Amino acid sequence: MQNMLTVIANAFKGGAKINGAQTVSEGSRMVVSARSFADFTPQASFDIKRCDLHRLDEGPALQTVLTREDGLRYYRTMQTMRRMELKADQLYKQKIIRGFCHLYDGQEACAVGIEAGINPMDHVITAYRAHGYTYTRGVPVKEIMAELTGRRGGVAKGKGGSMHMYAKNFYGGNGIVGAQVPLGAGVALACQYQGKNEVCVTLYGDGAANQGQIFESFNMAALWKLPCIFICENNKYGMGTSVERASASTDYYKRGDYIPGLRVDGMDVLGVREATRFAADFCRSGKGPILMELQTYRYHGHSMSDPGVSYRTREEIQEVRSKSDPISMLKDRMISSNMARVEEIKDIDAEIRKEIEEAAQFATSDPEPPLEDLCNHIFYNDAPLEVRGTNPWTRLKSTS
Amino acid sequence: MAASRLFWRTSGVKSSLTGLTGGVHSSLGLTLLKLYPDCTAKPKTQRRHAAHFTFHPDPVTTQYGPTQKMNLFQSVTSALDNTLASDPTAVIFGEDVAFGGVFRCTVGLRDKYGKDRVFNTPLCEQGIVGFGIGAAVAGATAIAEIQFADYIYPAFDQIVNEAAKYRYRSGNMFDCGKLTIRSPWGCVGHGSLYHSQSPEAFFAHCPGIKIVVPRGPVQAKGLLLSCIDDQNPCIFFEPKILYRAAVEQVPTEAYHIPLSQAEVLQEGSDLTLVAWGTQVHVMREVAAMAQEKLGVSCELIDLQTILPWDKETVCKSVVKTGRLLVSHEAPVTGGFAAEISSTVQVRSRSHESEIDQGLLPECVLCRRSVSSTWRLPSVGFVGMIRPSRTSLSPSTSQISGSASRPSSA
């Protein structure tokens, strides 16, 4: 029955033009409008790839239910992130964004899946590839873009830039590789201490996985059973070095040793969501930290100054794009299970494009922070502090 | 941006420190004040400037054999090439050095000398330096690269506690003198917090290591070769903004420029300017401007080695001129200029017999003694002063603050 309706619908769709050109006859239009939400499957069950487990008897569920509402929301979020990153690429090439810019496209399923698996009151900290997480943690696109362009409407008031974006329960945005992991363990300690049943998601990359301080954090977290979910986003390359050339063991989910771990397909948003739910439950039940490796991929190079093709082939990038793109995978799932229509998705895409354009417009036209703000927030001080400017005779004020 | 410490000589009457305000009372000071637009009470809105300065190449040197045009990273490659050729124990390692390095300082070396001599390390600075210390102690000439000086802090313990003190604590039985750590250093314009730092002052506080900062390709190669040959662990900071911008005729054979010897680049009689790295070139422009506009004759000294630094040359110069200005990129508080200014002050008092009693150098803007009175904690910005050549009117003399943030308080 569903399939027949779909076939009829497709036949009628042939008469309708995209973007609302009115060539649909009255009769077919009436038929189309009668086919509204009743025809969509409200939810569907999907299989998830089995996770590799380390020191765990059971892993996350192998099947999950996705509602139409959630699916559209994940799609919208991922597509927004993708378009935002591509717009940032464009603005960087136009020299409107300066400095350093590390783009997240390809890895959207990780940020969205993690956010879907935790609560808004849980905590997240990550390294410098942070635009995606800033968005999932609630910062509007235009504030993110204005921060990239260094304007006063930016989330860090234009003073942080690409690597330093923050939000409630999102601790950035950290430039030094690996340094955020002990911080995450500390936030987890605070969660435990305050007894609010919150967890801290501490992210790092495959390059950072070889930093000594990561292992120090593992030890502390395990010793004190901190509710910390350590997540290694393994995108196979630490800047330009492939994981095989950097790590003696590329089983990052096992490198917590005494900390249980799981390896998840990071391109499947539902898989990430289930794994995160599993990990969060694990931590909340007081069993201590857990380690998750998300196998993912970035389409851009390490940063905007890296073309990204000197250490990997274009064919490889193309293959991932065509076979494992997270957004395409979700879209295909939604459409094939009749939870969404192609036009609907296209409408969403058009809306997002418009939103990103407006955000870019804002980010380009917003004024830079005023000179008076330059020195603020160095120390915490009650009375304004006088601060030396760029020469011995300039005095600027620092307020906090 | 330059942190400057300025000493004035007052002829006859000594002004008390408490009598001094943000400006300066001597006429020379007031005149200099007019050169800088931001010296008025209200700072102008800062325009955006790309980091700019003019590199002044050294005159071609003939004493070291045939030369070739090279920029800074090529001169570093040349030095490393010479080392790997002459010293079979030499190894180079660090993040991404195998393909040539993020600044192309090690291009071609792996192909030429083999992957067991030029190899990548994983992303672990503490490990890199610790490993380097071990390799050096066991007899290899270990040349470690830290990808940016901003990332050197995880290795701080290894450098200060292990490398610097090895010879002393083992009663000279062991040492890691064959260790050299190379690292890109200094502001570059778009580096912001973590690609612009100048951490020489942190390490200057540690006896047992040597710290060197070259001003150009010829100096870089000679100083780097001296660091590698030196029997003490050395940190060699390479000004990253000069990697491409600085081009000179550099000798192709190996040669050494001695460590702990400051170089007087320009003789003068009225004011001693001390700088290192990129700032040397800024100071050259300053000296030229001062001569042209004010008739002030400046003596310019490139310190080259920060630790142990050449006190004799600097003090001798200050005794001659009576005035000292030190300029560096790092923050003012605890910056290396503080050490230089304090040593010069102490030493000049002991030179009383050589200068007139009434002409002892007075500290006017010395942060050390004044900061407690004025309570002006200083914050450095990463950037530099670029004096404009076109005219002297305040509006055109520009401060090129790179759009970077305060690196540290």
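This one's a predicted model, so the numbers in the text were calculated from it and none came from an experiment. (Residues numbered from 1 in each chain as written. Chains lettered and ligands numbered in written order. Predicted model: local features only at pLDDT ≥ 70, side-chain atom pairs only at ≥ 80, totals over all residues. Heavy atoms only, no water.)

Student: Where do I start with the overall build of chain B in this structure?
Tutor: Looking only at helices and strands, chain B has 13 helices and 17 strands in total. Taken across its 409 residues, chain B has 58% of its residues classed as buried. (Helix = DSSP H or I, 4+ residues; strand = E, 2+ residues; numbered from the N terminus. Buried < 20%, exposed > 50% of the residue type's maximum accessible area, 1.4 Å probe, protein only.)

Student: Would you explain the overall build of chain A in this entry?
Tutor: Helices and strands together make up the secondary structure of chain A, namely 13 helices and twelve strands. Computed over its C-alpha atoms, the radius of gyration of chain A comes to 23 Å, within 12% of the 21 Å expected for a compact globule of 400 residues. Intrachain contacts of chain A at a sequence separation of at least 6 include 70% that bridge at least 24 residues. In the structure as shown, chain A presents an accessible area of about 17,600 Å², 54% of it carried by carbon and sulfur atoms. (Rg over C-alpha atoms; globule rule 2.2 N^0.38 Å. Contact = heavy atoms within 4.5 Å. Areas by Shrake-Rupley, 256 points an atom, 1.4 Å probe, with all protein chains shown as cover.)

Student: Looking at this structure, how should I read the pattern of salt bridges?
Tutor: Close approach of charged atoms allows side chains with opposite charge to pair. Across all of its chains, the model carries 36 salt bridges over all chains by this definition. Between Glu274(A) and Arg273(A) there is a salt bridge whose closest N-O contact spans 3.7 Å. As a salt-bridge pair, Glu299(B) and Lys320(B) come within 2.6 Å of each other at their nearest N and O atoms. Residue Glu299(B) is found in strand E12 (residues 298-302), and its partner Lys320(B) is found in helix H11 (residues 311-321); the two are separated by 21 residues along the sequence. The partly exposed category is assigned to Lys320(B), whose relative accessible area is 43%. A single network of salt bridges, built from pairs that share partners, joins Asp70(A), Arg73(A), Arg273(A), Glu274(A) and Arg277(A). (Salt bridge = Lys/Arg side-chain N within 4 Å of Asp/Glu carboxyl O.)

Student: Help me out: how do you make sense of unusual backbone geometry in this one?
Tutor: Of all residues except glycine, most have a negative phi; of all peptide bonds, most are trans. The amide bond that connects Leu307(B) to the next residue, Pro308(B), takes the cis arrangement and shows omega of -15 degrees. The phi dihedral of His377(A) falls on the positive side, at around 65 degrees, and the residue is not glycine. Mapped onto the elements, His377(A) comes out in the loop between helix H13 (342-365) and strand E11 (385-388). Here the phi dihedral of Asn172(B) falls at roughly 70 degrees; this positive angle occurs in a residue that is not glycine.

Student: Hey, could you run me through the side chain of Thr202(A) in this one?
Tutor: All names here are of chain A. On the secondary structure map, Thr202 appears in strand E5 (residues 200-205). Judged by relative accessible area, Thr202 falls into the buried class, the value being 0%. In contact with Thr202, not counting residues within four places along its chain, are Ile125, Gln180, Val181, Gly184, Ala185, Cys228, Ile229, Phe230 and Ile231.

Student: When you look at the side chain of Asn82(B) in this model, what are you seeing that I'm missing?
Tutor: Along the chain, Asn82(B) falls in helix H2 (residues 72-86). Beyond its immediate sequence surroundings of up to four residues, Asn82(B) is in contact with Lys221(B), Leu225(B), Thr252(B), Glu253(B) and Ala254(B).

Student: Before we go on, may I ask you to explain the UniProt feature "domain: Dehydrogenase E1 component" (unreviewed entry) in chain A in this structure?
Tutor: The positions UniProt marks with the feature "domain: Dehydrogenase E1 component" (unreviewed entry) are residues 76-371 of chain A. Within residues 76-371 of chain A, the helical portion is 46% and the strand portion 10%, while the C-alpha atoms at the span's ends are 38 Å from each other. (UniProt positions renumbered as here; feature names shortened; annotations may be inferred.)

Student: Teacher, can you tell me more about the packing of helix H7 (residues 180-194) of chain A against helix H8 (residues 212-223) of chain A here?
Tutor: Packed helices, taken two at a time, are described by the angle between their axes plus the distance between the axes. Residues and elements named next belong to chain A. Where H7 contacts H8, the two axes come as close as 8 Å, and the packing angle between them is 15 degrees. In this view, H7 runs roughly parallel relative to H8, as classed from their interaxial angle. When you trace H7 past H8, the crossing you get is left-handed. In this structure, H7 contributes Val181, Pro182 and Ala185 to the contact, and H8 contributes Gln213, Ile214 and Ser217. (Axes fitted to C-alpha atoms, helices over the stretch in contact; angles between N-to-C directions. Parallel < 35°, antiparallel > 145°, perpendicular 65-115°, else oblique. Left-handed = near helix turned anticlockwise from the far one by under 90°.)

Student: Hey, could you run me through the pairing of E12(B) in this one?
Tutor: Two faces make up the sheet, and in a regular strand the side chains alternate between them. Residues and elements named next belong to chain B. Buried residues dominate E12, accounting for five of its five residues. Of the two faces of E12, the one holding Cys298, Leu300 and Asp302 and the one holding Glu299 and Ile301 are both buried throughout. Note: strand E10 (residues 263-266) against E12, three bridges, orientation antiparallel. The residue of E12 that forms the bridge with Val264 is Ile301. As paired strands, strand E11 (residues 271-275) and E12 are joined by five bridges and run parallel to one another. Across the sheet, the residue bridging to Val274 is Ile301, located in E12. Between the parallel elements E11 and E12, the chain passes through helix H10 (residues 279-294) in a crossover that is right-handed. (Pairing = 2+ DSSP bridges. Right-handed = clockwise from strand over helix to strand, strands pointing away.)

Student: Can you help me understand the sheet that holds strand E10 (residues 290-295) of chain A in this one?
Tutor: Strand pairing in a sheet relies on backbone hydrogen bonds. The paired strands run either parallel or antiparallel. Residue and element names in this part refer to chain A. The strand order across the open sheet built from six strands is E2-E9-E10-E6-E5-E4, with neighbouring strands paired in mixed fashion. For this open sheet the edge positions go to strand E2 (52-54) and strand E4 (123-125), each flanked by a neighbour on one side alone. Shown here is a sheet whose adjacent strand axes are inclined to one another by a mean of 20 degrees, direction ignored. As defined by bridge partners, E5 adjoins strand E6 (residues 228-234) across six bridges and the pair is classed as parallel. The partner of Thr202 across the bridge, within E6, is Phe230.

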